[in-house]
Amino acid sequence: MFSRADIQINPELNLSDYAALLKENGRVQIPNFFTDETAETLHNLIKTNQTWNLAYNEYDQFFESTKQDFEDTPAEFKTNFMKAIYERASSTFQYVFMQYYITQAVKNREEMGHPLHELHHWANEDDFLSLLKSLVGDSAIRWCDVFISRYEPGHFLSKHDDTHPKHDRSVAYTIGMTKEWNPNWGGHLVFLDKKGGIKEGFIPEFNTLNLFHNPQDHAVQLVAPNAGKPRDSFLGWANR
Ligand SMILES: O=C(O)CCC(=O)C(=O)O
Ligand SMILES: [Fe+2]
């Protein structure tokens with residue numbers, strides 16, 4: 001049985017170097033974040049996870065539909081659905097990807113006993129919270145939102161800054177859960193300047209923890225039709 005005690009951060013990380021980089025640049029990448037054993041376990045759990053919802057928006061309304069419900073729709077519906085997504089995306093904020101919002105499931109007592117719920121508990125216990133507080137230099141961090149995401153070919157998340165109407169977000173964290181991403185597959189996490197130019201782009205990297213201050217303009221670029229596998233991540237926000 002998988003439990004939060006199986007989730008182990010690599011004890012050899014040099015956190016003070018990363019804290020300095022985060023302070024200076026507003027973002028940082030920390031490779032080999034979990035021990036190899038933990039990373040492998042999480043990789044397998046996420047790869048084989050059956051609970052996914054298609055998350056998408058229509059202007060300022062946010063929707064989720066179960067993967068099964070979407071798959072059960074006729075082909076014509078799917079084509080028109082994606083066509084409408086791309087049409088809106090040409091002029092307004094848009095996203096479409098799969099997710100399992102673990103924190104929400106835990107709070108609503110849904111799918112109790114799902115092994116991935118351990119991620120929510122782990123991220124809200126001392127190991128990760130203390131590490132984030134010291135890395136970010138923000139002692140006001142109190143709790144973490146946790147979800148997993150899966151971007152399949154055609155999925156993307158356009159420019160936004162992570163501001164939330166109710167949550168006071170300090171930093172976003174993302175941990176890549178797909179191995180050997182090919183740079184030609186799209187799906188880069190990009191940080192944008194005022195003109196929309198790319199200041200920095202992170203390729204999806206297995207077991208690398210990305211941290212970035214909120215608010216900050218960023219996007220997940222379209223995963224290309226030729227992507228050989230989905231872009232999976234374990235991610236969320238540290239909230240004050
Ligand atoms: O998946 C990523 O790299 C970032 C996702 C993101 O920006 C978000 O979900 O708000
Ligand atoms: Fe974001």
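Everything in this summary refers to the structure shown in the same document. (Residues numbered from 1 in each chain as written. Chains lettered and ligands numbered in written order. Predicted model: local features only at pLDDT ≥ 70, side-chain atom pairs only at ≥ 80, totals over all residues. Heavy atoms only, no water.)

**Topic: the site of ligand 1**
Close to ligand 1 lie Phe-147, Leu-157, His-160, Asp-162, Leu-189, His-218, Val-220, Arg-231, Leu-235 and Trp-237, which account for all nearby residues. For ligand 1, an oxygen atom lies 3.0 Å from a polar atom in the side chain of Asp-162. In the environment of ligand 1, an oxygen atom lies 2.9 Å from a nitrogen or oxygen atom belonging to the side chain of His-218. Surface burial for ligand 1 is 94%, taken as the share of its 300 Å² of free accessible area covered by protein chains. For the shell around ligand 1, the secondary-structure elements that each account for two or more residues are strand S6 (156-160), strand S11 (218-220) and strand S12 (231-239). (Near = heavy atom within 4 Å. Polar contact = N/O pair within 3.5 Å; in protein donor to acceptor, adjacent residues only side chain to side chain. Areas by Shrake-Rupley, 256 points an atom, 1.4 Å probe, with all protein chains shown as cover. Helix = DSSP H or I, 4+ residues; strand = E, 2+ residues; numbered from the N terminus.)

**Focus: the pairing of strand S8 (residues 189-192)**
The two faces of S8 match: Leu-189 and Phe-191 on one face and Val-190 and Leu-192 on the other face are all buried. Here S8 runs beside strand S9 (residues 198-202); their pairing, made up of 4 bridges, is antiparallel. What sits directly across from Leu-192, in S9, is Ile-198. The loop that links S8 with its antiparallel partner S9 comprises 5 residues; one of these, Gly-196, has a positive phi angle of about 95°. (Buried < 20%, exposed > 50% of the residue type's maximum accessible area, 1.4 Å probe, protein only. Pairing = 2+ DSSP bridges.)

**Structural notes on the nonpolar core**
When a protein is soluble and globular, its nonpolar side chains tend to lie buried together. The biggest cluster of nonpolar side chains holds 51 residues, and the ones touching the most others in it are Phe-33, Phe-34, Leu-211 and Phe-234. It is helix H7 (residues 126-136) that contributes the most residues to this core, 6 residues altogether. The residues touching Phe-34, leaving out its near neighbours within four places in the chain, are Ile-7, Gln-8, Ile-9, Asn-10, Ala-39, Leu-42, Trp-122, Ile-175, Met-177, Asn-207 and Phe-234. Residues Phe-147, Leu-157, Val-220 and Val-223 belong to the second largest nonpolar core, which totals 18 residues. (Core = buried A, V, L, I, M, F, W, Y, C linked by side-chain atoms within 4.5 Å. Contact = heavy atoms within 4.5 Å.)

**Comments concerning the packing of helix H1 (residues 15-25) against H7**
Relative to each other, H1 and H7 sit at 55°, their axes nearing to 8 Å. One finds that H1 runs oblique with respect to H7. The segment H1 lies against H7, with Leu-15, Tyr-18, Ala-19 and Leu-22 engaging Leu-131, Ser-134, Leu-135 and Val-136. In terms of residue class, the contact of H1 with H7 is made up of 7 nonpolar, 1 polar and no charged. (Axes fitted to C-alpha atoms, helices over the stretch in contact; angles between N-to-C directions. Parallel < 35°, antiparallel > 145°, perpendicular 65-115°, else oblique. Nonpolar A, V, L, I, M, F, W, Y, C, P; charged D, E, K, R; others polar.)

**Quick notes on the coordination of the iron ion (ligand 2)**
Coordination of the iron ion (ligand 2) by the protein is provided by His-160 (NE2), Asp-162 (OD) and His-218 (NE2), with metal-donor distances spanning 2.1 to 2.2 Å. One chain supplies every donor to the iron ion (ligand 2), and in sequence these donors are spaced H-x1-D-x55-H. Here His-160 falls in the buried class, since its relative accessible area comes to 16%. The exposure class of Asp-162 is buried, given its relative accessible area of 8%. (Donors = N, O, S within 2.8 Å, 3.2 Å for Na, K, Ca; no water.)

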